[in-house]
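# Fold and contact review
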Amino acid sequence: MNLNKWLTTAGAVVALSSLQGEQLDLEKDELKFGFIKLTDCAPIVIAKEKGFFEDEGLQVEVIAQPNWKQLLDNVINGELDGAHMLSGQPIAATIGFGTEAHIVTAYTLDLNGNGITVSNAIWEQMQENDPDLDTDTPEHPITADSLLPIVEEKMEEGEKLQMGMVFPVSTHNYEIRYWLAAAGINPGFYTAEDKKGFTNAQVELSVTPPPQMPATLESGNISGYCVGEPWNQQAVAKGIGVPVTTNYDIWKNNPEKVFGVSAKWAEENPNTHIAVVKALIRAGKWLDAVDEDGAFLNREEAVRILSQPNYVGADFDVIKNSMTGYFYFQKTDKREMPDFNVFFKYHSSYPWYSDGIWFLTQMRRWGQITEAKPAEWYHDVAKEVYLPDVYLAAAEHLLEEGYIAEEDIPWDTDGYKPATDEFIDGILYDPMDPIGYLNSHEIGNKD
């Protein structure tokens, strides 16, 4: 039976029937969740440290994972009950790109939060190509237009510029590809035979685990990378590179990470799943709480928690930059960015089908999906992976218990955000028309 239907007709109904502010009848109360050392693991860490999991009767162990592949493998093999995941991971696993397994998500952890950093040497060349960049406070957003001559010169010398991203189905891979392609630079294609995505590439993108990005840049093995925080701000702090753009400027308020579990786990633990999402919603709301002047109430406390060695383990000051509403592009270029990390507002934590469809279009654009698919397929896959019924069941409990307000939740949505053109190239993304969107890009597969 379709998992969404099953949850609606069985587990969710059972859970909703006990809406009296009481703890749910948990199928499992001792849980292990995995995460990667990135700022956007915050909702999981905060739910643990502020006692939100405990309020639900859950004892949760939060365990750092060395890379995204092992994290996913540990969810599939049952070593972990759930994990901080790249938004593309549940989708890719479900359609069988990479490791095949039905993975689902009922919660989006955050929006935005990534940056693209280049080495000091590349930045100097970009400034030579575009004198407007040769200032302490260049105008943003910075496109890859000034990178194109560097890429072309490398190719004339028989080389290709090397850059890093964190995983083939990561937002980071799709964002750096988007940024390069918007300037006419081909980032290469995946094919049935080419699992690295180097076919026809002018810039070669390779996988590096997030915490290793600054060191890999400093070693000279790559000349730039796309990664989440705090690893762009660390490049600034160490003086080894310059973040040239953020993913907020590539696509305003783009979905970033999700909380993923296996479909099998979700079916076996419907009430526990709802309890986990309840705790995550409270954590997201706590992270985005502001005073009457719009200043974050809890972010500094969150940064102190995240800076602990067992969590992100980076310096307090480095994590604090982006988490408290600022981003340093250079030490001289501090930009106010209150939406660099969004954990709850804008209905961001709801599992939107339209988010999943965007990731599927990028997988097809760059050849990870090797054959054309009809539009309906995109919608069907998104509905296999995203579980709004679980989210809404958790929200119903929290509303009754007084933890959230009616307006915090998009109760009556069909699961699709409105069409938007807030991308660096201004191209319209209408989730109801995935094929039209796919065909609107100059570089990329078309159907």
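Basis of the calculations
- Residues numbered from 1 in each chain as written.
- Predicted model: local features only at pLDDT ≥ 70, side-chain atom pairs only at ≥ 80, totals over all residues.
- Heavy atoms only, no water.
- UniProt positions renumbered as here; feature names shortened; annotations may be inferred.
- Axes fitted to C-alpha atoms, helices over the stretch in contact; angles between N-to-C directions.
- Helix = DSSP H or I, 4+ residues; strand = E, 2+ residues; numbered from the N terminus.
- Parallel < 35°, antiparallel > 145°, perpendicular 65-115°, else oblique.
- Contact = heavy atoms within 4.5 Å.
- Nonpolar A, V, L, I, M, F, W, Y, C, P; charged D, E, K, R; others polar.
- Salt bridge = Lys/Arg side-chain N within 4 Å of Asp/Glu carboxyl O.
- Buried < 20%, exposed > 50% of the residue type's maximum accessible area, 1.4 Å probe, protein only.
- Pairing = 2+ DSSP bridges.
- Domains from an automatic or database assignment.
- Buried area = accessible area lost by both parts, 1.4 Å probe.

Under an unreviewed UniProt entry, the chain has the name ABC transporter substrate-binding protein and belongs to Pelagicoccus albus. Check the Subcellular location (unreviewed entry) section of the UniProt entry for the chain; it says "Endomembrane system".

On to the packing of helix α2 (residues 42-49) against helix α13 (residues 270-288). Remark: α2 packs on α13, axes separated minimally by 8 Å, with the N-to-C direction vectors making an angle of 105 degrees. Relative to α13, the element α2 is oriented roughly perpendicular. Here A42, P43, I44, I46 and A47 of α2 lie close against α13, whose contacting residues are A279, L280, A283, W286 and L287. Among the residues forming the contact of α2 with α13, the class breakdown is ten nonpolar, no polar and no charged.

Now for the pattern of salt bridges. What the rule picks out here adds up to 18 salt bridges. Where E300 meets K320, a salt bridge forms, and the shortest distance between an N and an O atom there is 3.5 Å. Taken as a pair, E300 in helix α14 (residues 299-306) and K320 in helix α15 (residues 316-323) lie far apart in primary sequence, 20 residues in all. K417 is the partner of D355 in a salt bridge, and the nearest nitrogen-oxygen pair spans 3.1 Å. Note that D355 is positioned in helix α16 (residues 353-365) and K417 in the loop between α18 (388-401) and α19 (434-439), a separation of 62 residues in sequence. By relative accessible area, D355 is classed as buried at 2%. Salt bridges linked by common partners bring D40, E256 and K257 together as one network.

Across a sheet, paired strands are connected by hydrogen bonds in the backbone, their directions being either parallel or antiparallel. The strand order across the open sheet built from five strands is β2-β1-β3-β11-β4, with neighbouring strands paired in mixed fashion. Each edge of the open sheet carries a strand with a single partner, namely β2 (59-64) and β4 (103-108). Averaged over all pairs of adjacent strands, the angle between their axes in this sheet comes to 30 degrees, without regard to strand direction. Across the sheet, helix α4 (residues 68-76) is in contact with β1 (30-35), β3 (82-86), β4 and β11 (257-262); its angle to β3 comes to roughly 140 degrees.

Let us look at the domain arrangement of the chain. Accessible area lost when the parts come together is the quantity often used to give the size of an interface. By the assigned domains, the chain splits into domain 1 (30-112 + 254-314 + 341-351 + 386-416) and domain 2 (114-250). Taking only C-alpha atoms, the centre of domain 1 and the centre of domain 2 are 29 Å apart. Counting residues at the interface gives 19 residues for domain 1 and 19 residues for domain 2. Taken together, the two surfaces of domain 1 and domain 2 that pack against each other cover about 1400 Å², and 67% of this comes from carbon and sulfur. When the buried surface of domain 1 facing domain 2 is broken down by residue, L38, F97 and N112 rank first, second and third, together holding 27% of it.

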